[in-house]
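Architecture at a glance
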Amino acid sequence: MRKIIKCSQCNKEFYHGAEYRVHWEEKHLSLFIKREQMEKEKLPKCDFCKEVMTYEEYEFYNICKDCLEKIV
Ligand SMILES: [Zn+2]
Ligand SMILES: [Zn+2]
């Protein structure tokens, strides 16, 4: 019996992992990257250099550690 791999994104079925990987990279990878970028854009940015920061950092100073050092 052949093992069938099901695509987690669109339920298309594949017999080989390599086949599935090609499909995934062609059909879903760009979307995946786009989603990652969108997630990144939602993150707070340093008020001075616009560097992406974590929410924890941003809650404290609104500016990144590098800029904080320059100012203080
Ligand atoms: Zn798919
Ligand atoms: Zn900064």
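Read on for an overview of the structure.

How each quantity is defined
- The residue numbering used here restarts from 1 in each chain and proceeds along that chain's sequence as written.
- Chain A is the first chain written and ligand 1 is the first ligand written, with later ones labelled in order.
- Given that the model is predicted, a residue must reach a pLDDT of at least 70 before its local features are reported, and side-chain atom pairs must reach 80 or more before they are shown or counted; all residues, however, enter totals for whole chains, interfaces and linings.
- Secondary structure elements are taken from DSSP: a helix is a run of H or I of four residues or more, a strand is a run of E of two residues or more, and numbering for both begins at the N terminus.
- Computation of the radius of gyration draws on C-alpha atoms, with the globule rule given as 2.2 Å multiplied by the number of residues to the power 0.38.
- Exposure is read from a count of other C-beta atoms within 10 Å of each residue's own; the residue is exposed at 12 or fewer, buried at 20 or more and partly exposed in between. C-beta atoms are placed from the backbone.

**Section: the overall build of the protein**
- For the protein, the helix and strand inventory stands at four helices and two strands.
- Moving toward the C terminus, one meets the helices and strands of the protein in the order β-β-α-α-α-α.
- Relative to the compact-globule value of 11 Å for 72 residues, the protein shows a C-alpha radius of gyration of 21 Å, a clear excess of over 25%.
- Expressed as lengths along the three principal axes of its C-alpha atoms, the size of the protein is roughly 65 × 20 × 15 Å.
- For the protein, the proportion of its 72 residues judged to be buried stands at 4%.

**Details of the environment of E19**
- Structurally, the position occupied by E19 is in helix α1 (residues 17-27).
- A tally of 13 C-beta atoms within 10 Å means that E19 is categorised as partly exposed.
- Counting along the chain gives 32 residues from E19 to E51, while the straight-line C-alpha distance between them is 39 Å.

**Describing unusual backbone geometry**
- The backbone of N11 sits at a positive phi, close to 65°, despite the residue not being glycine.
- On the secondary structure map, N11 appears in the loop between β1 (5-6) and β2 (13-14).
- On the basis of neighbour count, N11 is assigned to the exposed category, with 7 C-beta atoms found within 10 Å.
- Positive phi values are uncommon outside glycine, yet N62 reaches one of about 70°.
- Within the secondary structure, N62 sits in the loop between α3 (55-61) and α4 (65-71).
- According to the C-beta neighbour criterion, N62 is partly exposed, with 15 such atoms within 10 Å.

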